[in-house]
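# Close look at the chain arrangement
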Amino acid sequence: MPRSVNHVASRAKRKNILGLTRGYFGARKNVWTVAKNTWEKGLTYAFRDRRNKKRSFRALWIQRINAGARLEGLSYSQLMGGLHKAGIEINRKVLADLAMNHPEAFKSVCAKAKNA
């Protein structure tokens, strides 16, 4: 008796992955083995870069805080040390937003850090 293969399911799986690789260049979009490898590697990049994104944003926030602190005559480390001594618990994301969009509020935070 011949072997029975569920071709409906296997074709559906292939069609799904080829749909996910739509828009890729060359054979990566329409050759099954190449598309599958590309898609799997894309998943590993996505996993890695979800973590790298957090790293990149933290670095950006620190640069923005440092730029704002320099305008107030402080370095980044002096500002963060002063905030810690003053007991002000404010995260870098919010501090960076204050430095960029609300300079008066950031100036008052810097003043408290200087006094501490």
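This write-up is about the structure you can find in this document. (Residues numbered from 1 in each chain as written. Predicted model: local features only at pLDDT ≥ 70, side-chain atom pairs only at ≥ 80, totals over all residues. Heavy atoms only, no water.)

### A look at the side chain of Thr38
- Its location among the elements puts Thr38 in helix H2 (residues 32-71).
- With a relative accessible area of 13%, Thr38 lands in the buried category.
- Within the structure, the side chain of Thr38 is placed 2.8 Å from the backbone oxygen of Val34, a separation counted as a polar contact.
- With near-sequence residues (within four places) excluded, Thr38 lies in contact with Tyr24 and Arg28. (Helix = DSSP H or I, 4+ residues; strand = E, 2+ residues; numbered from the N terminus. Buried < 20%, exposed > 50% of the residue type's maximum accessible area, 1.4 Å probe, protein only. Polar contact = N/O pair within 3.5 Å; in protein donor to acceptor, adjacent residues only side chain to side chain. Contact = heavy atoms within 4.5 Å.)

### Section: the packing of aromatic side chains
- What the rule picks out here adds up to one aromatic pair.
- Geometrically, the ring pair formed by Phe57 and Trp61 is tilted, given 6.0 Å between the ring centres and 40° between the ring planes. Of this pair, Phe57 and Trp61 both sit in helix H2, separated by four residues, roughly a single helical turn.
- With relative accessibility at 40%, the residue Phe57 sits in the partly exposed group.
- Residue class for Trp61 comes out partly exposed when judged on its relative accessible area of 22%.
- Sitting over the face of the ring of Trp32, Arg14 holds its NZ or CZ atom 5.9 Å from the ring centroid.
- Across the ring face of Phe47, the terminal group of Arg51 is positioned such that the distance to the ring centre comes to 4.1 Å. (Phe/Tyr/Trp six-rings, centres within 6.5 Å; stacked < 30°, edge-to-face > 60°. Lys NZ or Arg CZ within 6 Å of the ring centre and 35° of its normal.)

### Quick word on a positive patch on the surface
- The grouping of Arg11, Lys13, Arg14 and Lys15 at the surface amounts to a positive patch.
- Relative to the elements of secondary structure, Lys13 occurs in helix H1 (residues 7-20).
- For Lys13, a relative accessible area of 54% corresponds to the exposed category. (Patch = residues over 30% accessible without salt bridge, like charges linked within 9 Å, V, L, I, M, F, W, Y side chains within 5 Å. Areas by Shrake-Rupley, 256 points an atom, 1.4 Å probe, with all protein chains shown as cover. Salt bridge = Lys/Arg side-chain N within 4 Å of Asp/Glu carboxyl O. Lys, Arg positive; Asp, Glu negative; His and termini not counted. Charge placed at Lys NZ, Arg CZ, Asp CG, Glu CD.)

### As for the packing of H2 against helix H4 (residues 92-101)
- Relative orientation of the contacting elements H2 and H4 amounts to 45°, with a least axis distance of 8 Å. Taken as axis vectors, H2 and H4 run oblique relative to one another. H4 is crossed by H2, and the crossing has left-handed handedness. In this structure, H2 contributes Arg58, Trp61, Ile62, Arg64 and Ile65 to the contact, and H4 contributes Arg92, Lys93, Leu95, Ala96, Ala99 and Met100.
- Residue composition of the contact of H2 with H4, grouped by class: seven nonpolar, no polar and four charged. (Axes fitted to C-alpha atoms, helices over the stretch in contact; angles between N-to-C directions. Parallel < 35°, antiparallel > 145°, perpendicular 65-115°, else oblique. Left-handed = near helix turned anticlockwise from the far one by under 90°. Nonpolar A, V, L, I, M, F, W, Y, C, P; charged D, E, K, R; others polar.)

### Quick notes on the nonpolar core
- Ile65, Leu79, Leu83, Leu95 and Phe106 are the most contacted members of the largest nonpolar core, which totals 15 residues.
- Of all the elements in the fold, those that place two or more residues in this core are H2, helix H3 (76-86), H4 and helix H5 (103-115).
- Among all residues touching Leu83, those that are not within four sequence positions of it are Ile88, Ile90, Leu95, Val109 and Ala113. (Core = buried A, V, L, I, M, F, W, Y, C linked by side-chain atoms within 4.5 Å.)

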